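Breakdown of the fold
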Amino acid sequence: MKRIITLVVQNRSGVLNRVTGLMQKRQFNIESISVGRTEQEGISKMTFVVDVEDHRKLEQLTKQLNKQIDVIKVTDLSDKAVVARELALIKVVSNAQVRGEIQSIIEPFRAIVIDMSRDSLSIQVTGKPEKIEALIELLRPYGIKDIARTGLTAFARGQQPQVAELTHYSLLK
Amino acid sequence: MKMETKVKTQPVTAPKTGADILVEALVEQGVDTIFGYPGGAVLPIYDALYRSDADFQHILTRHEQGAIHAAEGYARVKRKPGVVLATSGPGATNLVTGIADAMMDSLPLVVLTGQVATTVTGTDAFQEADVMGITTPITKHNYQVQSSYDIPKIIKEAFHIASTGRPGPVVVDIPKDISANPCLEVDESDFHLPGYQPTIKPNPIQIKKLAEAIKQAKKPLVLTGAGVLHGGASKVLKDIVESFRLPVTSTLLGLGAFPGDHPLFLGMGGMHGTYTSNMAITECDLLINVGARFDDRLTMNLAHFAPNATVAHIDIDPAEIGKNVPTDIPIVSDSKAALEELARQLKDGPEHEEWLSELQKNKEAFPLWYNNPKEDMVTQWLMERVHHHTKGDAIVTTDVGQHQMWSAQYYSFSKPDKWVTSGGLGTMGFGFPAAIGAQLALPDETVISIVGDGGFQMTLQEMSVLQERNLPVKIVISNNGALGMVRQWQEEFYEERYSESLLSVQPDFVKLAEAYSIRGHKITTQEDFERIFPEVLAYDGPVLLDCRVLMQENVYPMVAPGRGIQDMVGVKP
């Protein structure tokens, strides 16, 4: 099962190495990582999408992460209502003939063209991972030259709905 | 979440170097012994040690591995961080085995390594190694000093992290220019570690659950791990166990946490545990694990481990609870705090005399046994005699293998903190330097290093330290001319194909000892041993005994790898 796990960490050299090293040692498969600073000086936030077998493994993962001295807080967002986004840059083969066609494909995705050359277009898209997947699939027939994705970044929504079943709020189920 | 730290900056009056600041910081931490080996990148630190009039000793071992195992032995018996100093590159990499060993067995160490100057870091400079990268997976925490300004704070943090919560090794990597250059000001402020708040006190509700479970249990069993020793909980454990008449088994590292000669003690459990212990684990309906991490050498095949038991687990490290064995009553706490709270809450005791008498019957019917040929020596007999002559008061250190298991089985550890062995990592070469560290930590104790002829040859150069410091460590080599445990496994699981496990050519250990100005005796019969050993114990100096024991002797009972704990071979009525 895929889980979104965020870490609040002290921004010291080697922290990312420590965290990814522990996941490697304990055989957790990382699907994506994104790291960036937070509003507080010296504090960074990491967002991981991790594939874990079961709840016991998951518990072990969060406990091991919590054990790290520089890790201040570990949150498993998977069962919460979250705001989660990924950014992707997609360079797609295009010439004057198909440019308009591509433009019409990307519009419903609220993606934009950020670079253009004689034979290619670079498109920026943000959103949930499945939205990005969908766009990539639509663009694939034109010929994709390059893709750069940031990995998911996420936090909990300001208000958590008071419902027992949160599945449809979750991105990953 | 507040992240404020008060910064108290102090101007340094005399021109001090980063190395001077480091030495002062170590003094402030109450360091009395440093184990180390000099080299280029730590020359400023060694110079500062030379110039310092601080009241601590530096022990020059002959290999960095000797230094770190000695520091582990020191840390184990003194229950405070062992301090190690080594140079960059090869100095640091020679420490890796010991760091990993300390991590597995939760021993507090502060390991100071030199690093090439910041001006050349990352250029594959002479004697450069990525110490942070190498030690990250095998340390509780590590630091690379970026400025001498940070040294006092980092040292304070390092000692705090190493010695609190679940103890472990902390590496501090110090670039040469930082230790060499004058230091203009230092950060004297207190540290603040928002991500490190070990839980010391137990949740009383969980303790209540445990107390209830004990009242309900018909077949309770206590399992002692090294956590009992680290938490200094032996006394309160004994009080509870005696008041409520609970049977006790132990892990390898937990030996001595509860008296080995006590009627309620069943012996060690696990791969080479007693029949009584393993059957008790299999049949118990409540297993109270105090400070053990359910290592696979104890549990063996998890499918058969304590199948009928409600499992309570007291551990200071939350990540250990539920890691290997599903836990019904998790208690995150220091072992002593948890047991004290349990003693408060548990008033009336349950009756389970039937269970105790069943265990007692097993103890009598299936004791540990060995062949005792009078004309030859076996290590089991040796360990019984060592126990007899030392009255169980000696600190015993071992390497890894057959002699280690026989020490665990036959040197009945009756007091805490007398047993120093490499459990988790199973490190050959550990036992002898660890004895040096233990003897330096507690000069008045009798320290006996039981080693195999294989492991001893990995670190025997440390006999120089015995010679130099006249440390009265007694080395007892259980010399069977083989890598005994490897040989045993080859016999049992590889159809007697003894691939590279027989040490047919051996040095003359007695002459080697003499080369280091140490008394040495070759002992070939039981009679020799009985005659010489009391005299050796009385002698106030180092002695090496080369005890020739039978090669073909195997460690029993045994649970084969992959089997359930109840599936034992070598059990004899």
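Residues numbered from 1 in each chain as written. Chains lettered and ligands numbered in written order. Predicted model: local features only at pLDDT ≥ 70, side-chain atom pairs only at ≥ 80, totals over all residues. Heavy atoms only, no water.

Residues and elements named next belong to chain A. On the surface, a nonpolar cluster with roughly 240 Å² of combined accessible area is contributed by L89, I112 and I114. On the secondary structure map, I114 appears in strand β6 (residues 112-116). Residue I114 is classed as partly exposed on the basis of its relative accessible area of 44%. (Patch = residues over 30% accessible without salt bridge, like charges linked within 9 Å, V, L, I, M, F, W, Y side chains within 5 Å. Areas by Shrake-Rupley, 256 points an atom, 1.4 Å probe, with all protein chains shown as cover. Salt bridge = Lys/Arg side-chain N within 4 Å of Asp/Glu carboxyl O. Helix = DSSP H or I, 4+ residues; strand = E, 2+ residues; numbered from the N terminus. Buried < 20%, exposed > 50% of the residue type's maximum accessible area, 1.4 Å probe, protein only.)

UniProt tags residues 207-342 of chain B as "domain: Thiamine pyrophosphate enzyme central" (unreviewed entry). The straight-line gap between the two end C-alpha atoms of residues 207-342 of chain B is 6 Å; of that span, 35% is helix and 20% is strand. (UniProt positions renumbered as here; feature names shortened; annotations may be inferred.)

Buried residues of helix α1 (residues 15-25) of chain A: V15, R18, V19, L22 and M23 of chain A, and no others. Down the axis of α1 of chain A, the sector holding all buried residues measures 130°, keeping them to one side. When the buried face of α1 of chain A is taken as reference, the exposed residues oriented beyond 90 degrees from it are Q24 and K25 of chain A. Looking at the buried residues of α1 of chain A, the elements they touch are β1 (2-10), β2 (29-37), β3 (43-51), α2 (55-67) and β4 (71-76) of chain A together with β6 (141-144) of chain B. (Arc of directions from axis to C-beta. Contact = heavy atoms within 4.5 Å.)

Turning to the nonpolar core, a few remarks are in order. Residue and element names in this part refer to chain B. Membership of the largest hydrophobic core comes to 66 residues, with the highest contact counts inside it found for L210, L339, L342, F529 and L545. When residues are assigned to domains, this core turns out to be shared by domain 2 (204-365) and domain 3 (379-560), each giving three or more. Of all hydrophobic cores here, the second largest spans 48 residues; its members include A441, V447, M463 and L544. (Core = buried A, V, L, I, M, F, W, Y, C linked by side-chain atoms within 4.5 Å. Domains from an automatic or database assignment.)

For the rest of this paragraph, the subject is the side chain of T61 of chain B. Residues and elements named next belong to chain B. Within the fold, T61 resides in the loop between β3 (57-60) and α3 (64-78). T61 gets classed as buried once you look at its relative accessible area, which sits at 2%. At 3.0 Å, the side chain of T61 forms a polar contact with the backbone oxygen of H63. Other than its neighbours up to four places away in sequence, T61 contacts G36, Y37, G66, A67, E462 and V465. (Polar contact = N/O pair within 3.5 Å; in protein donor to acceptor, adjacent residues only side chain to side chain.)

What follows covers the pattern of salt bridges. Scanning all chains against the criterion turns up 39 salt bridges over all chains. Residue R12 of chain A is joined to D70 of chain A by a salt bridge in which the shortest nitrogen-to-oxygen separation is 3.4 Å. With R12 of chain A in the loop between β1 and α1 and D70 of chain A in the loop between α2 and β4, this pair connects stretches of sequence that are 58 residues apart. Judged by its relative accessible area of 7%, D70 of chain A falls in the buried class. A salt bridge links E353 of chain B to R245 of chain B, with the shortest nitrogen-to-oxygen separation between them at 3.0 Å. One end of the pair, E353 of chain B, is in helix α15 (residues 353-365); the other, R245 of chain B, is in the loop between α11 (234-244) and β10 (248-250), with 108 residues separating them in the sequence. The network of salt bridges with common partners includes K67 of chain A together with R166, D317, E320 and K323 of chain B.

Before going further, it helps to spend a moment on the interface of chain B and chain A. Taken residue by residue, the interface counts 27 residues in chain B and 22 residues in chain A. In total, chain B and chain A occlude about 1900 Å² of area from one another, counting both sides; carbon and sulfur atoms represent 49% of this. Between chain B and chain A we count two salt bridges in total. Those elements that provide at least two residues to the side of chain B that touches chain A are β6 and α7 (151-163) of chain B. Its residues assigned to classes, the side of chain B that touches chain A shows 13 nonpolar, nine polar and five charged. (Buried area = accessible area lost by both parts, 1.4 Å probe. Nonpolar A, V, L, I, M, F, W, Y, C, P; charged D, E, K, R; others polar.)

Attention shifts here to a positive patch on the surface. Residue and element names in this part refer to chain A. On the surface, a cluster of positive charge is made up of R85, R110, K128 and R157. As for its position among the elements, K128 is in the loop between β7 (120-127) and α4 (129-139). K128 gets classed as partly exposed once you look at its relative accessible area, which sits at 41%. (Lys, Arg positive; Asp, Glu negative; His and termini not counted. Charge placed at Lys NZ, Arg CZ, Asp CG, Glu CD.)

The share of residues in chain A with pLDDT of 70 or more is 93%, and the mean pLDDT across the chain is 91. Here strand β9 (residues 153-156) of chain A stands out as the element of chain A with the lowest mean pLDDT, 92, in contrast to strand β8 (residues 144-149) of chain A, whose mean of 97 is the highest. (pLDDT = per-residue confidence, 0-100.)

In this section: the domain arrangement of chain A. The domain boundaries assigned to chain A delineate domain 1 (2-81 + 158-172) and domain 2 (84-149). For domain 1 of chain A and domain 2 of chain A, the distance between their C-alpha centres works out to 29 Å.

To continue, consider the sheet that holds strand β11 (residues 265-268) of chain B. All names here are of chain B. Pairing is parallel in the open sheet, where six strands are placed in the order β11-β10-β9-β12-β13-β14. Each having just a single partner strand, β11 and β14 (329-332) make up the two edges of the open sheet. For this sheet, the mean inter-axis angle between neighbouring strands, taken without regard to orientation, is 15°. In the sheet, β10 pairs with β11 via two bridges, with the strands oriented parallel. Following the sheet pairing, V248 is matched in β11 by F265. (Pairing = 2+ DSSP bridges. Axes fitted to C-alpha atoms, helices over the stretch in contact; angles between N-to-C directions.)

Residues and elements named next belong to chain B. With 13 residues, helix α9 (residues 204-216) ought to run about 18 Å at 1.5 Å a step, and its terminal C-alpha atoms sit 18 Å apart, in line with that. Buried residues of α9: Q206, I207, L210, A211, A213 and I214, and no others. With its buried residues spanning 160° around the axis, α9 presents them on a single face. Exposed residues pointing more than 90 degrees away from the buried face of α9 are listed as I205, K208 and Q216. The residue sitting at the N-terminus of α9 and contributing the capping side-chain oxygen is N203; that oxygen lies 2.9 Å from the backbone nitrogen of I205. (Expected span 1.5 Å × (residues − 1).)

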